[in-house]
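Listed here are the chains, written in short residue letters.
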Amino acid sequence: MSSTDDFVLIDHPRPDIALVTLNRPERMNAMAFDVMVPLADALRAVNNDNDIRVVVVTGAGHGFCSGADLVSAGRVPYIDGLTPSTIAHRAADRLHEVIELIGDLHQPVIAAINGAAIGGGMCLALCCDIRIASTEAYFRAAGINNGLTAAELGLSFTLPRAIGSSRAFEIMLTGRDVDADEAARIGLVSETVPPADLLERCYEIGTGIAAFSRPGTELTKRMLWAGLEASSYSAHMRSEMNAQLLVRMTTRNFEEAVLARSENRPPVFED
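Below is a short write-up of the structure. Everything numeric in this text was worked out from a predicted model, so none of it was measured. (Residues numbered from 1 in each chain as written. Predicted model: local features only at pLDDT ≥ 70, side-chain atom pairs only at ≥ 80, totals over all residues. Heavy atoms only, no water.)

1. With respect to the sheet that holds strand S7 (residues 116–118)
Here is step 1 of the chain: Spatial ordering of the open sheet is given by S5-S7-S9-S10, a layout of 4 strands whose pairing is mixed. Each end of this open sheet is capped by a strand with a single partner; those strands are strand S5 (63–65) and strand S10 (178–179).
Here is step 2 of the chain: Note that S5 and S7 share 2 bridges and pair parallel. Across the sheet, Cys65 pairs through a bridge with Ala117, a residue of S7. (Pairing = 2+ DSSP bridges. Helix = DSSP H or I, 4+ residues; strand = E, 2+ residues; numbered from the N terminus.)

Next comes the structure, spelled out in structure tokens:
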């Protein structure tokens, strides 16, 4: 186990897999800056570790992440001498940084949603590539309940793309809870599992992904996110082909896959 701060832990529970845990369970892993700043550091660390092929993100205790810390938001670093207006922008940048870092990671990121994902915590789950939920998990776009907007940290971008616009409008405008069963039914998460099985299921998925080629998984992640933002079907299709040709022409992965299939064995990708 390693740590960039007591509030964020990095473990290596399986070969090729890193587990990043928000570790402030007494506040349901709320998004105070003394949690978010070390989380950004942890994400940079795993991004630069070439032994890590898949990242699992979870929360300690009974909550995944409860969004804004209503007890103490902590101190935004590097704000000495700034006015309140500029401090507000710097604070937002620190939160946006975490969301963008997850999207920019080389590795696929699996959210192991062990409990409440509220407000910014829901946004954190939605920016991950795959979401697996405990049967005790639930989601709430809580900004609107607090007299603000429900649109924050990219949620009005990611949620409609995950579950469709009509459901996203309804969930964000009502601020209601979405339990684990509904989340699975509408595609907000891929599946639900008993709480005791959550991390093992995420490790199982991660181990399967890690068995594929490194450029294959990394470029697939990038193409999927690029597709969500693409303004042109044909242009995105050409981008996909460029990525496909890069792997096809610069590795022996395809030949290895064909040979392994003929020999009735798992392929071994060496890139």
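2. Quick notes on the side chain of Ser66
Here is step 1 of the chain: As for its position among the elements, Ser66 is in the loop between S5 and helix H2 (84–104).
Here is step 2 of the chain: Residue Ser66 is classed as buried on the basis of its relative accessible area, which comes to 18%.
Here is step 3 of the chain: Engagement of the side chain of Ser66 in a polar contact is seen with the backbone oxygen of Arg27, the distance being 3.2 Å.
Here is step 4 of the chain: Apart from the residues within four sequence positions on either side, Ser66 is in contact with Arg27, Met28, Asn29, Ala30 and Ile118. (Buried < 20%, exposed > 50% of the residue type's maximum accessible area, 1.4 Å probe, protein only. Polar contact = N/O pair within 3.5 Å; in protein donor to acceptor, adjacent residues only side chain to side chain. Contact = heavy atoms within 4.5 Å.)

3. Quick word on unusual backbone geometry
Here is step 1 of the chain: The phi angle at Asn29 is positive, at roughly 55 degrees, despite the residue not being glycine.
Here is step 2 of the chain: Position of Asn29 among the secondary structure elements: in the loop between strand S3 (17–22) and helix H1 (33–47).
Here is step 3 of the chain: A relative accessible area of 0% places Asn29 in the buried class.
Here is step 4 of the chain: One non-glycine residue, Asn264, lies in positive phi territory at about 55 degrees.

4. What about the pattern of salt bridges?
Here is step 1 of the chain: For the structure on display, the rule yields 16 salt bridges.
Here is step 2 of the chain: The shortest N-O distance in the salt bridge between Arg24 and Asp34 comes to 3.0 Å. With Arg24 in the loop between S3 and H1 and Asp34 in helix H1, this pair connects stretches of sequence that are 10 residues apart.
Here is step 3 of the chain: Note that Arg252 is salt-bridged to Glu255, the shortest N-O span being 3.7 Å.
Here is step 4 of the chain: Of the residues examined, Glu255 reaches a relative accessible area of 25% and is grouped as partly exposed.
Here is step 5 of the chain: Each member of the salt-bridge network shares a partner with another, and the members are Asp41, Arg44, Arg94 and Glu97. (Salt bridge = Lys/Arg side-chain N within 4 Å of Asp/Glu carboxyl O.)

5. Quick look at a nonpolar patch on the surface
Here is step 1 of the chain: Taken together, the side chains of Met241, Leu245 and Met249 present a nonpolar region at the surface, about 330 Å² in accessible area.
Here is step 2 of the chain: Note that Met249 resides in helix H9 (residues 233–250).
Here is step 3 of the chain: Exposure remark for Met249: the relative accessible area of 66% places this residue in the exposed category. (Patch = residues over 30% accessible without salt bridge, like charges linked within 9 Å, V, L, I, M, F, W, Y side chains within 5 Å. Areas by Shrake-Rupley, 256 points an atom, 1.4 Å probe, with all protein chains shown as cover.)

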